[in-house]
Amino acid sequence: MNIQPTASHFIDGAYVEDTAGGDIPVIYPATGKVVATLHAATPAIVDKALAAAKRAQKEWAGWTATERGRVLRRAADIMRDRNHDLSVLETYDTGKPYQETSVADATSGADALEYFGGLAASITGEHIQMGDDFVYTRREPLGVCVGIGAWNYPTQIACWKAAPALACGNAMVFKPSEMTPLCALKVAEILVEAGAPAGVFNVVQGYGAVGASLITDPRVDKVSLTGSVPTGRKVYAAAAEGMRHVTMELGGKSPMVVFDDADLENAVSGAILANFYSTGQVCSNGTRVFVQKGIKDAFLKRLTERLAGIKMGDPQDPDVNFGPMVSERQRDIVEGYIAKGVEEGATLVTGGKRVDGDGFYIEATVFADVTDEMTIAKEEIFGPVMAVLDFETEEEALTRANATEFGLAAGVFTADLTRAHRMAAGFEAGTCYINTYNLAPVEAPFGGSKMSGVGRENSKAAIEHYSQIKGVYVAMGDVEAPF
Ligand SMILES: NC(=O)c1ccc[n+]([C@@H]2O[C@H](COP(=O)([O-])OP(=O)(O)OC[C@H]3O[C@@H](n4cnc5c(N)ncnc54)[C@H](O)[C@@H]3O)[C@@H](O)[C@H]2O)c1
Ligand SMILES: C[N+](C)(C)CC=O
């Protein structure tokens, strides 16, 4: 498979190159080798993309919603037909196992395109009667949206932003993470092939500075970021200068609470999904696993047995279920947190070591006897490191679960449904799970509260974040004036 794209950027329906912006090497995380080289956008490239989006948005918004929806649904079909190639590419981009990318990445992107394609025609205003007079509302697009992506789900992130934006009649300029620049280009190609007018979805490459230059351009009406909290603070502040709409999908340190009446096998499966899928590089991961004291030993025993099922190796091998970290830097960060966990007195149950070789592999790691004050219980690690903390009462578990600045996700495993709903109501998090973890279907809202974000992706809720309401008052009689 040829990994090197035709050019670095996709603007106004075509590939565009400009090498003046400096190299972006694409490194395959399994080997540490450069597999493609792209270039960061120059100011001229950024200008070209925004100009194209500004022009195309007017045309696109003039289409009927049914026509727009048809394009998105066609794009979903094309993505599904190409799932194998897209998954291989996603694996080169991220290092995530093909076993995962083939079922979770282009497929969830296609789900978003299909869902918002189906929803497009139902995005309408309403009629409000006021005696004889009435008000009607128009649900209008925002205009030009900027999407900025993280590196862990490049195809999904591009589609989760593009699909609702385009369904509402906006145009988008999307900047993927510099670490995973390949897949969004395929999304752009597919949208054009499906019939989207040139300029409706554009991709520019670059580091943070390119993202920053996009946000402050006066042609931009909305910014949707998926990234870390520190980046979120900067992007939110820059967007506020121009009073731009924002969606912030940021990081987390989410709790997963296991009561002693839970189905142990399901709870262990949940903890695995909540910590080791995508080698732990998932924003909503339940990395603080609170286990009720009475079942702690049984939980750790079964968890350790199940982790023997990890098959680490070349992520393109369909039998491999655990890949490398996305980069050497990320692997080193994770290694640093593991050292901190040991230093601060947590018990290393399993894992903890990097794997020798050129790839950025590190073992799935479980710490027990973790306390709330330890660094590994407080900071987002974004790697395969599970912290197990024990607790005695429901009240204690909820208080400690919420004792964090983050609020992305939270989960509870228990047989007591009343307690499960009580916990879900009490969690300070945007996305909660009862007796499962880390599912993110397009039909359900996804996003964070507290420092984990603003706004929601997916579901009908996303429409609110990519459109605005205009109220139109219609008088049916004479105008009454005081003088
Ligand atoms: N909530 C979610 O849905 C979600 C999903 C995936 C990842 N994440 C979070 O993303 C983080 C990991 O991704 P990352 O390391 O790529 O995050 P990051 O914040 O380093 O970068 C995210 C994106 O922002 C860009 N960027 C950096 N500085 C910028 C600036 N000043 N202005 C504009 N753009 C800028 C980067 O180039 C990149 O494209 C984790 O914290 C993870 O939890 C959140
Ligand atoms: C949105 N999700 C959970 C699929 C990936 C976040 O990192």
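In this text, all values refer to a predicted model and were calculated from it rather than measured experimentally.

## Observations regarding the site of ligand 2
Inference 1: Lining the immediate environment of ligand 2, one finds Asn152, Tyr153, Gln156, Trp160, Val282, Cys283, Ser284 and Phe446.
Inference 2: The contact in question runs from an oxygen atom of ligand 2 to an N or O atom on the side chain of Asn152, over 2.7 Å.
Inference 3: Between Cys283 and ligand 2, the recorded distance is 2.8 Å, taken from a backbone N or O atom to an oxygen atom.
Inference 4: Contact with the protein chains hides 91% of the accessible area of ligand 2, taken as 250 Å² for the molecule alone.
Inference 5: Looking at the shell around ligand 2 residue by residue, the classes come out as five nonpolar, three polar and no charged.

## Observations regarding the environment of Gly270
Inference 1: As for its placement among the helices and strands, Gly270 is situated in helix α10 (residues 264-273).
Inference 2: Considering only alpha carbons, one finds Gly270 and Thr304, 34 residues apart in sequence, at a separation of 14 Å.
Inference 3: Residues contacting Gly270, with those up to four places away along its chain left out, are Met256, Phe413 and Tyr437.

## So, the packing of aromatic side chains
Inference 1: Throughout the structure, instances matching the rule amount to nine aromatic pairs.
Inference 2: When the ring of Tyr28 is compared with that of Tyr92, the centres are 4.7 Å apart and the planes differ by 55°; the resulting orientation is tilted. A residue pair is termed long-range when its members are at least 10 positions apart, and Tyr28 in strand β3 (residues 23-28) and Tyr92 in helix α3 (residues 83-94) qualify at 64 residues.
Inference 3: Note on Tyr28: relative accessible area 5%, which makes it buried.
Inference 4: Summarising the aromatic geometry, the rings of Trp60 and Trp63 are spaced 5.1 Å apart at their centres and angled 55° between planes, so their arrangement reads as tilted.
Inference 5: On the accessibility criterion, Trp63 (24% relative accessible area) is partly exposed.
Inference 6: Taking NZ or CZ as reference, Lys96 lies 3.3 Å from the ring centre of Tyr153, over its face.
Inference 7: Positioned over the ring face of Tyr466 is Lys222, at 4.4 Å from the centre of the ring.

## Comments concerning the site of ligand 1
Inference 1: Near ligand 1 you find 29 residues, and of these Gly149, Glu178, Ser228, Thr231 and Glu380 are the closest.
Inference 2: Here an oxygen atom of ligand 1 and a side-chain polar atom of Thr231 are 2.6 Å apart.
Inference 3: The fraction of the free accessible surface of ligand 1 (850 Å²) that becomes covered by protein chains is 88%.
Inference 4: For the shell around ligand 1, the elements supplying multiple residues, two or more each, are α8 (208-215), β10 (222-226) and α9 (229-241).
Inference 5: By residue number, the principal contributor to the shell around ligand 1 is α8, which donates four residues.
Inference 6: Taken together, the residues of the shell around ligand 1 break down into 14 nonpolar, 10 polar and five charged.

## As for the sheet that holds strand β20 (residues 467-474)
Inference 1: The strand order β5-β6-β20 describes an open sheet built from three strands, whose pairing is antiparallel. Either end of the sheet is taken by a strand with one partner, and the two such strands are β5 (127-130) and β20. On average, adjacent strands in this sheet sit at an angle of 20° to one another, irrespective of strand direction.
Inference 2: Taken together, the four bridges between β5 and strand β6 (residues 133-141) define a ladder with antiparallel strand orientation. The partner of Met130 across the bridge, within β6, is Asp133.

Analysis parameters
- Residues numbered from 1 in each chain as written.
- Chains lettered and ligands numbered in written order.
- Predicted model: local features only at pLDDT ≥ 70, side-chain atom pairs only at ≥ 80, totals over all residues.
- Heavy atoms only, no water.
- Near = heavy atom within 4 Å.
- Polar contact = N/O pair within 3.5 Å; in protein donor to acceptor, adjacent residues only side chain to side chain.
- Areas by Shrake-Rupley, 256 points an atom, 1.4 Å probe, with all protein chains shown as cover.
- Nonpolar A, V, L, I, M, F, W, Y, C, P; charged D, E, K, R; others polar.
- Helix = DSSP H or I, 4+ residues; strand = E, 2+ residues; numbered from the N terminus.
- Contact = heavy atoms within 4.5 Å.
- Phe/Tyr/Trp six-rings, centres within 6.5 Å; stacked < 30°, edge-to-face > 60°.
- Buried < 20%, exposed > 50% of the residue type's maximum accessible area, 1.4 Å probe, protein only.
- Lys NZ or Arg CZ within 6 Å of the ring centre and 35° of its normal.
- Pairing = 2+ DSSP bridges.
- Axes fitted to C-alpha atoms, helices over the stretch in contact; angles between N-to-C directions.

Shape is all these values report; function is a separate question.
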